[in-house]
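Architecture and fold: a report
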Amino acid sequence: MSTAEYHKLVRDKIPEMIREQGVCQIFADHLAVFRILEQEEYLKELDRKLHEEIREYQEDKSLEELADVLEVMLAICKARGYSEQELRDVYEKKHAKRGGFEERIYLISKE
């Protein structure tokens, strides 16, 4: 039987879930192999994960996929040393200054 190769960042509870299942369907009769990433690798993999989650949201358009995008964004925020509140504060400041996208304004051209 062949080994499924993933090489991707997974959620924190995935190793525990695999252990609890014993022989996991995803990994067939093989053991799952994990490692803890160094900080720079982690940041790189978070960026890859963000692209993956955005792609999945674009395909599915579900609230669940959108929540996955938010989960990765919050992880990136924390990994880069920012709090969720700092992110919210910057968001609110930019929103107050420049507005959001609620009015659906589409710029055609500007001279």
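Conventions and cut-offs
Every chain is numbered independently, its residues counted from 1 as its sequence is written. Local features in a predicted model are, by the rule used here, given only for residues with pLDDT of at least 70; side-chain atom pairs are given and counted only at 80 or more, and totals for whole chains, interfaces and linings are based on all residues. Each side-chain value is worked out from all heavy atoms of the structure, with water and hydrogens disregarded. For this analysis, a nonpolar core means a set of buried residues of the types Ala, Val, Leu, Ile, Met, Phe, Trp, Tyr and Cys, connected via side-chain atoms within 4.5 Å. Burial here depends on accessible area, computed with a 1.4 Å probe over protein chains only, as a share of the maximum for the residue type. Under 20% is buried, over 50% is exposed, and the range in between is partly exposed. Each helix corresponds to a stretch of at least 4 residues labelled H or I by DSSP, and each strand to a stretch of at least 2 residues labelled E; elements are numbered beginning at the N terminus. The criterion used for residue contact is that any of the two residues' heavy atoms lie within 4.5 Å. One side-chain nitrogen of Lys or Arg within 4 Å of one carboxyl oxygen of Asp or Glu is enough to make a salt bridge. What goes into a patch is any residue over 30% in relative accessible area without a salt bridge, connected to like charges within 9 Å or, for nonpolar side chains (Val, Leu, Ile, Met, Phe, Trp, Tyr), within 5 Å. The accessible surface values rely on the Shrake-Rupley method and a 1.4 Å probe; as for residues, cover is taken only from the protein chains in view. When charges are counted, Lys and Arg contribute as positive and Asp and Glu as negative, whereas His and the chain ends are disregarded. To locate a charge, take NZ of a lysine, CZ of an arginine, CG of an aspartate or CD of a glutamate. In summary, the pairing rule links any two rings of Phe, Tyr or Trp, Trp by its six-membered ring, whose centres are within 6.5 Å, and it sorts them by plane angle into stacked for under 30 degrees, edge-to-face for over 60 and tilted for everything else. The rule is short: NZ of Lys or CZ of Arg within 6 Å of the ring centre and within 35 degrees of the ring normal puts a charge over the ring.

**Considerations on the nonpolar core**
With seven residues, the main nonpolar core is built from Leu9, Leu43, Leu46, Val72, Ala75, Ile76 and Ala79. Contributing elements (two or more residues each) for this core: helix 2 (39–60) and helix 3 (63–79). In this structure Ile76 touches Leu46, Asp47 and Leu50, once residues within four positions along its chain are discounted.

**Things to note about the pattern of salt bridges**
Side chains bearing opposite charge may pair, as long as their charged atoms lie close to each other. What the rule picks out here adds up to seven salt bridges. Overlapping salt bridges bring together Lys8, Lys49 and Glu52 as one network.

**Side note on a positive patch on the surface**
Residues Lys93, Lys94, Lys97 and Arg98 make up a contiguous surface patch of positive charge. Locating Lys93 in the fold gives a position in helix 4 (residues 84–98). By relative accessible area, which is 66% here, Lys93 ends up exposed.

**What about the packing of aromatic side chains?**
Here the structure, examined in full by the defined rule, presents zero aromatic pairs. One cation-aromatic arrangement involves Lys61 over Tyr57; the distance from NZ or CZ to the ring centre is 5.7 Å.

**A word on unusual backbone geometry**
Here the phi dihedral of Lys61 falls at roughly 60 degrees; this positive angle occurs in a residue that is not glycine. Along the chain, Lys61 turns up in the loop between helix 2 and helix 3.

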